[in-house]
Amino acid sequence: MAFGTGISRRMMIRSGFGIRSMSSWWGSVEPAAKDPILGVTEAFLADPCPDKVNVGVGAYRDDNGKPVVLECVREAERRIAGNLNMEYLPMGGSMKMVEETLKLAYGENSEFIKDKRIAAVQALSGTGACRLFAEFQKRFRHDSQIYIPVPTWANHHNIWRDAQVPQRTFHYYHPESRGLDFASLMDDIKNAPNGSFFLLHACAHNPTGVDPSEEQWKEISYQFKVDTEEVKGHFAFFDMAYQGFASGDPDKDAKSIKIFLEDGHLIGIAQSFAKNMGLYGQRAGCLSLLCEDEKQAVAVKSQLQQIARPMYSNPPVHGALIVSTILGDPELKKLWLKEVKVMADRIIGMRTALRENLEKLGSPLSWQHITNQIGMFCYSGLTPEQVDRMTNEYHIYMTRNGRISMAGVTTGNVAYLANAIHEITKSA
């Protein structure tokens, strides 16, 4: 009896100690800061006002404010359904998807593809492609740093921070003109240490919608190679999340990349099919690095795969099947090109409508930047305080940096949005 009681007491002591220990394991964990974009959506959903408008989220909507599944995607899914297995993909992903994706970025008849000089792997959309590259940069150029534009997509900072790559910034947006601060950008490129890494938005810069002109891209490319006295040799890493979605023409939207390739740069590219195919939840993307020769490309790809292995082993199959089915079939690709132009044209049309409505209201301010910018986002120039008033007085939701998602603007709400902006800014 005493023996049994002793065991019972020891078990209780051990159990009590275990409970006390486990209860303190995560006691120091504080709630994470809310994502500013997702926080906007939460506030919008909680607002009972029938006139509320959400121009905060970067996902395409039709003119009724509804999500869209492209017809080419529906047809691809019809062909896929029940005809393919769900086995693991290789660590590098679907080779067919990667091959078709590279053609979009490097060109249908690219010599680099033919010469097998591109190391490429399927990635978890653009975010995953950037994360893989950041880890690769840290591992093989561990003394390097990354130059990131001001401003940029907020997650860029998180990605390179978590890869422990030191970050620097370079000038990009000019608040007064609401355009490109080209002179300061060029100065920063000139003054950066030789062999620096730069993150560039290939088109439809997020969040500003401000892109360099073709001539400016040529000057940037030239400056990456040479200075007045010495070779700079900077490395350009392009985040291309909006190819086709910006102008409606995938080739035009890849012009910056083609300029760098023609100038002989070895570059990196993160590609995503979230926006231009509407595959937001499928996480379909690609990371590619142009190498000196096939041997180097083989080595680089093997290392990218090794980095992916402990992260997620291999990428998902369904999105890759959709992409490869669409891009690998001439008729489906033709349909996709038509549909992506429809999306781009609607965004461009809403830019024109918003500007025209503001001008008709007699706004004393210039709104030319709305139509000068391109892509999903408009950097409105509204201050955080003005954004707060937009939300509190007009139930219009956007991020506090004044970024408007043009995908949330429709023929039904554009006049209301313009009037709110006018009322908030007319005394500014």
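Residues numbered from 1 in each chain as written. Predicted model: local features only at pLDDT ≥ 70, side-chain atom pairs only at ≥ 80, totals over all residues. Heavy atoms only, no water.

On to the side chain of E339, then. Mapped onto the secondary structure, E339 falls in helix α14 (residues 330-360). The charged side chain of E339 is buried without a salt bridge, its nearest counter-charge being R74 at 8.0 Å. Reaching out from E339, the side chain makes a polar contact with the backbone nitrogen of E71 at a distance of 2.7 Å. If we skip the residues at most four places from it in the chain, E339 touches L70, E71 and C72. (Helix = DSSP H or I, 4+ residues; strand = E, 2+ residues; numbered from the N terminus. Buried < 20%, exposed > 50% of the residue type's maximum accessible area, 1.4 Å probe, protein only. Lys, Arg positive; Asp, Glu negative; His and termini not counted. Salt bridge = Lys/Arg side-chain N within 4 Å of Asp/Glu carboxyl O. Polar contact = N/O pair within 3.5 Å; in protein donor to acceptor, adjacent residues only side chain to side chain. Contact = heavy atoms within 4.5 Å.)

This part is about a nonpolar patch on the surface. Taken together, the side chains of W25, W26 and V29 define a hydrophobic patch exposed on the protein surface, amounting to about 430 Å² of accessible area. Within the secondary structure, W26 is located in the loop between α1 (2-25) and α2 (36-46). Taking the relative accessible area as the measure of exposure, W26 reaches 65% and is therefore exposed. (Patch = residues over 30% accessible without salt bridge, like charges linked within 9 Å, V, L, I, M, F, W, Y side chains within 5 Å. Areas by Shrake-Rupley, 256 points an atom, 1.4 Å probe, with all protein chains shown as cover.)

When pLDDT is averaged along the protein, the result is 92, and 93% of the positions lie at 70 or above. Confidence over residues 6-13 falls short of pLDDT 50; this stretch has 0 contacts with residues more than four positions distant or in other chains. (pLDDT = per-residue confidence, 0-100.)

Another aspect to go through is the pairing of strand β3 (residues 146-150). Where burial is concerned, most of β3 is hidden: 4 out of the 5 residues are buried. In terms of strand pairing, β3 meets strand β4 (residues 167-171) through 5 bridges, oriented parallel. Residue pairing in the sheet places V150 in a bridge with H171 of β4. In this view, the connection linking β3 to its parallel neighbour β4 by way of helix α7 (residues 154-162) has right-handed handedness. Here β3 pairs with strand β7 (residues 197-201) via 2 bridges, running parallel. Its bridge partner lying in β7, Y147 is registered against F198. (Pairing = 2+ DSSP bridges. Right-handed = clockwise from strand over helix to strand, strands pointing away.)

Right, let's get into the packing of aromatic side chains. Counted by the stated rule, this structure contains 19 aromatic pairs. Plain terms: the ring middles of Y60 and F245 are 6.0 Å apart, the flat faces sit at 85° to each other, and that makes the pair edge-to-face. One end of the pair, Y60, is in the loop between β1 (53-54) and α3 (71-80); the other, F245, is in the loop between β8 (235-240) and α10 (250-253), with 185 residues separating them in the sequence. Judged by its relative accessible area of 1%, F245 is buried. For the ring pair W217 and F260, a centre distance of 6.3 Å and an interplane angle of 80° mean the geometry is edge-to-face. Highlighted residues: W217 in helix α9 (residues 214-225) and F260 in helix α11 (residues 255-262), separated in sequence by 43 residues. F260 shares its class with W217; the two are buried. (Phe/Tyr/Trp six-rings, centres within 6.5 Å; stacked < 30°, edge-to-face > 60°.)

Another aspect to go through is α11. Given 3.6 residues per turn, any residue in an α-helix points the same way as the ones three and four places further on. With respect to burial, α11 is a largely interior element, 6 of its 8 residues being buried. When we look at burial in α11, the residues that qualify are S256, I257, K258, I259, F260 and L261. G264, located one to two residues past α11, shows a positive phi value of around 85°.

Attention shifts here to the layout of surface pockets. Space inside the largest pocket adds up to approximately 940 Å³. Element by element, the count of residues in the lining of the largest pocket is highest for α7, at 5 residues. Across the lining of the largest pocket, the residue classes break down as 17 nonpolar, 14 polar and 6 charged. (1 Å grid on protein atoms, 1.4 Å probe; cavity = no way out; pocket = protein on both sides within 12 Å on 5 of 7 lines; lining within 4 Å. Points joined across faces, edges and corners; volume = space filled by probe spheres on them. Nonpolar A, V, L, I, M, F, W, Y, C, P; charged D, E, K, R; others polar.)

Under the counting rule described, the total for this entry stands at 0 disulfides. C286 provides the cysteine sulfur closest to C130, a residue in no disulfide bond, and the two sulfurs are 12 Å apart. (Disulfide = S-S within 2.5 Å.)

The biggest cluster of nonpolar side chains holds 58 residues, and the ones touching the most others in it are F273, W336, L354, M390, I396 and I421. Every element with two or more residues in this core is listed here: α3, α4 (95-106), α13 (318-327), α14, β11 (377-379), α16 (384-394) and α17 (414-425). Per element, the largest residue contribution to this core is 9 residues, and it comes from α14. A105, A120, L200 and V210 belong to the second-largest nonpolar core, a separate cluster that totals 37 residues. (Core = buried A, V, L, I, M, F, W, Y, C linked by side-chain atoms within 4.5 Å.)

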